[in-house]
Amino acid sequence: MRKLQIGVIGSVSDLNYGKDAEKFAEELGKLIAKNDYVLIFGAEKDADSLPTVAAASAQRAGGLTIGVTYGKGLKIFNPSAASVVIATGLERGGGRETSLMLSCDGVIALAGGSGTLNEICVAYQANIPVVVVDKFGGWSAKLANEFLDERKRYKFEIAKMPDEALKKLINKI
């Protein structure tokens, strides 16, 4: 039986997230691993990110992680975060985000800027459930308990704690 593939998306370090967001991501990654799910994330080539923090934590907990990166080559910013790296050959800002989201059964969003919004839009269009964490700002906070558009496919359900986020997502899947 195929393992559930849980996407973790969110802020890259240039959005200046805090230690509390990093701690949340670490706990989330560990929970995903301990529940024997696969953690999928956007593997950055040039900077750290909350998804990378979650993936590195999942790796330390013995989990399987898949980093989807842009462009060519398998080098990523934090190689200890990915069990497997998939180089899409696609650019950041569209192609990579589509491949990443369509590889997920469900997604948890932590803060995030324009890339995270792009990923959320792809997931929403594909009817892939997204749970948002609203306590760190960014698009996940802006979309908390909202519909993305007039289609009203689903409201973005809010989670405050890592275990709550994972439980709500699994219930939606």
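Please refer to the structure placed before this passage.
Residues numbered from 1 in each chain as written. Predicted model: local features only at pLDDT ≥ 70, side-chain atom pairs only at ≥ 80, totals over all residues. Heavy atoms only, no water.

Colleague: Which parts of the structure should I look at to understand helix α4 (residues 114-125)?
Modeller: Helical geometry note: an α-helix holds 3.6 residues per turn, so side chains three or four residues apart project in the same direction. The end-to-end C-alpha distance of α4, which contains 12 residues, comes to 17 Å, matching closely the 16 Å that a straight helix rising 1.5 Å per residue would cover. Those residues of α4 that sit buried are Thr-116, Glu-119, Ile-120, Val-122, Ala-123 and Tyr-124. Against β1 (5-10), α3 (95-101), β5 (106-110) and β6 (130-133) lie the buried residues of α4. Asn-127 sits one or two residues past α4 and shows a positive phi near 60°. (Helix = DSSP H or I, 4+ residues; strand = E, 2+ residues; numbered from the N terminus. Expected span 1.5 Å × (residues − 1). Buried < 20%, exposed > 50% of the residue type's maximum accessible area, 1.4 Å probe, protein only. Contact = heavy atoms within 4.5 Å.)

Colleague: Please explain the sheet that holds β1 as it appears in this structure.
Modeller: Through backbone hydrogen bonds, the strands of a sheet pair up, either in parallel or in antiparallel fashion. Judged by pairing direction, the sheet is parallel, and its 7 strands sit side by side in the order β4-β3-β2-β1-β5-β6-β7 without closing on themselves. Edge positions in the sheet fall to β4 (84-87) and β7 (157-159), since each has one partner strand and no second. Taking each pair of neighbouring strands and ignoring which way they run, the sheet shows an average axis angle of 25°. Where β1 lies against strand β2 (residues 38-42), 3 bridges are found, and the strand directions are parallel. Within β2, the residue paired with Gly-7 across the bridge is Ile-40. Each of β1, β5, β6 and β7 is contacted by helix α6 (residues 162-172), which is oriented at about 150° to β7, the strand it contacts most. (Pairing = 2+ DSSP bridges. Axes fitted to C-alpha atoms, helices over the stretch in contact; angles between N-to-C directions.)

Colleague: Is there a simple way to think about the packing of helix α1 (residues 19-34) against helix α2 (residues 50-60) in this case?
Modeller: The axes of two packed helices give the description: the angle between them and the distance between them. The geometry of α1 relative to α2 is characterised by a closest axis approach of 7 Å and an angle of 40° between their N-to-C directions. On the basis of the axis angle, α1 is oblique to α2. Relative to α2, the crossing made by α1 is right-handed. Counting all contacts with α1, which are made through Ala-21, Glu-22, Ala-25, Glu-26, Gly-29, Lys-30 and Ala-33, the residues of α2 involved are Leu-50, Val-53, Ala-54, Ser-57, Ala-58 and Arg-60. Split into classes, the residues belonging to the contact of α1 with α2 amount to 7 nonpolar, 2 polar and 4 charged. (Parallel < 35°, antiparallel > 145°, perpendicular 65-115°, else oblique. Left-handed = near helix turned anticlockwise from the far one by under 90°. Nonpolar A, V, L, I, M, F, W, Y, C, P; charged D, E, K, R; others polar.)

Colleague: How should I be thinking about the layout of surface pockets in this particular structure?
Modeller: Over the atoms, a rolling probe the size of a water molecule traces out where space has been left empty. Its boundaries defined by the atoms lining it, the largest pocket holds a volume of some 380 Å³. Along its surface, the largest pocket is lined by 23 residues, and Val-12, Glu-44, Arg-92, Gly-115 and Thr-116 are the ones closest to its centre. When contributions to the lining of the largest pocket are tallied by element, the ones reaching two or more residues are β1, α3 and α4. A per-element tally of the lining of the largest pocket places α4 first, with 5 residues. (1 Å grid on protein atoms, 1.4 Å probe; cavity = no way out; pocket = protein on both sides within 12 Å on 5 of 7 lines; lining within 4 Å. Points joined across faces, edges and corners; volume = space filled by probe spheres on them.)

Colleague: What is the right way to read the pairing of β2 from this model?
Modeller: Strand residues, when the strand is regular, have side chains that alternate between the two faces of the sheet. Among the 5 residues of β2, 5 are classified as buried, and the element is accordingly described as predominantly covered. Here β2 shows two buried faces, one formed by Val-38, Ile-40 and Gly-42 and the other by Leu-39 and Phe-41. In this view, the connection linking β1 to its parallel neighbour β2 by way of α1 has right-handed handedness. (Right-handed = clockwise from strand over helix to strand, strands pointing away.)

So, to be careful, I would describe these as geometric facts and stop short of saying anything about function.
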